[in-house]
Amino acid sequence: MEALQLPLPAQWVEPVWIGVQILLILLAGYLAQRFVAKGLTRLGERYPFPPQLLMPLRGGLRWLIMGSALIFVLERLGVSATVLWTALSGFVAVAAVAFFAMWSVLSNLLCAILIFTVGPFRLGDIVELIDTLDKPGVKGRVVAINLLYTTLVELEEAGTHCATVQVPNSLFFQRSVRRWNTPA
């Protein structure tokens, strides 16, 4: 017996139909995110919402809508939503554990970027980290700034030798800092 073969145009109907459905899903997602963005803009014009609130809200809703559209597209292509959610939740769990395990390192990296960009002090300045107003903290000349530490050389006082102190960058944003500029 010969296998029944569909004519060529009938073989293309199902893939074309799936392609049309995918395009409609993506179009619906795009239109939904545009509609939500316009609605939030109108809401911001009508009521005194700060732009610092509307920008992240608009971005979060955009990601949620387009992410949902992507999941619908993958389902149309035959990927199970259960498998997708299991993979996504597993990835999020591992990322959360890794993030908390590396919290202090990430904090110091972010603070280093802030030190480089904002410039609360620079090489050659004399800085002092103040614990409390009645107790002196670490004081020294900044000789190096890297991604984890700022290196200070303690100032030489009567008969003592200089010491090098490496201060985690995050401490400069957790405590008050007294700074003496070096002459230019």
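Residues numbered from 1 in each chain as written. Predicted model: local features only at pLDDT ≥ 70, side-chain atom pairs only at ≥ 80, totals over all residues. Heavy atoms only, no water.

Operational definition: UniProt positions are given in the numbering used here, feature names are shortened, and annotations may be inferred rather than shown by experiment.
An unreviewed UniProt entry annotates the chain as Small-conductance mechanosensitive channel of Pseudomonas palleroniana. Quoted verbatim from the Subunit (unreviewed entry) field of UniProt, the annotation for the chain is "Homoheptamer." Recorded under Sequence similarities (unreviewed entry), the UniProt text for the chain is reproduced unchanged: "Belongs to the MscS (TC 1.A.23) family."

**Thoughts on the overall build of the chain**
What counts is decided by this rule: Helical segments are the DSSP runs of H or I of at least four residues, strand segments are the runs of E of at least two, and each set is numbered from the N terminus. Think of it in three bands: residues with accessible area under 20% of the maximum for their type are buried, residues over 50% are exposed, and the middle band is partly exposed, with areas taken using a 1.4 Å probe on protein chains only. Any two residues having at least one pair of non-hydrogen atoms within 4.5 Å are treated as being in contact. Residue-level accessible areas treat just the shown protein chains as cover; the underlying method is Shrake-Rupley with a 1.4 Å probe. In this tally Asp and Glu are treated as negative and Lys and Arg as positive; neither His nor the chain ends contributes. Every charge is mapped to an atom, namely NZ of Lys, CZ of Arg, CG of Asp or CD of Glu.
Scanning the chain from N- to C-terminus turns up five helices and five strands. By principal-axis analysis of the C-alpha atoms, the chain measures approximately 105 × 55 × 30 Å. By residue count, 21% of the 184 residues in the chain fall in the buried class. In the chain, 49% of the contacts between residues at least 6 apart in sequence involve partners at least 24 apart. For the chain, the exposed area adds up to about 13800 Å²; of that, 68% sits on carbon and sulfur atoms. Put simply, the chain has 14 plus and 11 minus side-chain charges, and the middle of one group is 12 Å from the middle of the other.

**Some thoughts on the UniProt feature "transmembrane region" (unreviewed entry) in the chain**
Under the local residue numbering, the UniProt record ascribes the feature "transmembrane region" (unreviewed entry) to residues 12–32, 63–85 and 91–116. Segment residues 63–85 splits into 83% helix and 0% strand. End C-alpha atoms: 16 Å apart. Between the first and last C-alpha atoms of residues 91–116 the distance is 32 Å; the span itself is 96% helix and 0% strand.

**Here we look at the domain arrangement of the chain**
How big an interface is tends to be reported as the loss of accessible area on association of its parts. Rules: For each domain, the first and last residues come from an automatic or database assignment. Using a 1.4 Å probe, buried area is obtained as the accessible area two parts lose upon being combined, added over both of them.
In terms of domain boundaries, the chain breaks down into domain 1 (13–79) and domain 2 (80–183). Computed from C-alpha atoms alone, the centre-to-centre distance between domain 1 and domain 2 is 39 Å. Each side of the interface is counted separately: domain 1 has five residues, and domain 2 has four residues. Summed over both sides, the interface between domain 1 and domain 2 buries roughly 380 Å², with carbon and sulfur atoms accounting for 78% of that surface.

**With respect to the environment of Asp131**
Rule in force here: Whenever a nitrogen or oxygen atom comes within 3.5 Å of another N or O atom, the pair is scored as a polar contact, on the condition that within protein one atom can donate a hydrogen and the other can accept it, and that pairs from neighbouring residues in sequence are kept only if both atoms are in side chains.
Along the chain, Asp131 turns up in the loop between strand S1 (126–130) and strand S2 (139–145). Taking the C-alpha atoms as reference points, Asp131 and Arg175, separated by 44 residues in sequence, lie 6.8 Å from one another. Side-chain polar atoms of Asp131 contact the side chain of Arg175, separated by 3.2 Å.

**Considering helix H2 (residues 51–76)**
Going by this rule: How far a helix is expected to stretch is found by multiplying one less than its residue total by 1.5 Å.
When the terminal C-alpha atoms of H2 are compared, their 37 Å separation across 26 residues agrees well with the 38 Å that a helix rising 1.5 Å per residue should span. Along H2, the residues that are buried comprise Leu54, Arg58, Gly59, Ile65, Ala69, Ile71 and Val73. Looking one or two residues beyond H2, the residue adopting positive phi is Gly78, at roughly 100°.

**Concerning the sheet that holds S1**
Filter applied, for reference: Two strands qualify as a pair provided that DSSP identifies no fewer than 2 bridges between them. Axis definition: a line fitted to C-alpha atoms, limited for helices to the stretch in contact. Angles are taken between N-to-C directions and run from 0 to 180 degrees.
One open sheet holds the five strands; their spatial order is S4-S3-S2-S1-S5, and the pairing between them is antiparallel. Two strands close off the open sheet at either side, each with one partner strand: strand S4 (164–168) and strand S5 (176–180). Adjacent strand axes in the sheet meet at a mean angle of 40°, parallel and antiparallel pairs treated alike. Pairing analysis gives five bridges linking strand S3 (residues 149–153) to S4, with the strands arranged antiparallel.

**Let's talk about the nonpolar core**
What counts, and what does not: Each nonpolar core is a collection of buried residues, namely Ala, Val, Leu, Ile, Met, Phe, Trp, Tyr and Cys, held together in the definition by side-chain atoms within 4.5 Å.
Membership of the largest hydrophobic core is limited to eleven residues, which are Ile115, Phe121, Val127, Leu129, Val142, Ile145, Leu152, Val165, Val167, Leu171 and Phe172. Breaking this core down by element, the ones donating at least two residues are S1, S2, S4 and helix H5 (171–174). If we skip the residues at most four places from it in the chain, Ile145 touches Ile115, Phe116, Phe121, Leu123 and Thr150.

**Notes on a nonpolar patch on the surface**
Quick reminder of the rule: The patches reported here contain residues having more than 30% relative accessible area and no salt bridge. Joining distances are 9 Å for like charges and 5 Å for nonpolar side chains (Val, Leu, Ile, Met, Phe, Trp, Tyr). Throughout this description, the term salt bridge denotes a Lys or Arg side-chain nitrogen within 4 Å of a carboxyl oxygen of Asp or Glu.
Together, Phe99, Phe100, Met102, Trp103, Val105, Leu106, Phe116, Leu147, Leu148 and Tyr149 make up an exposed nonpolar region whose accessible area comes to about 950 Å². Those elements that place two or more of their residues in the nonpolar patch are helix H3 (81–101) and helix H4 (103–118). Take Leu148: it is sitting in the loop between S2 and S3. Taking the relative accessible area as the measure of exposure, Leu148 reaches 32% and is therefore partly exposed.

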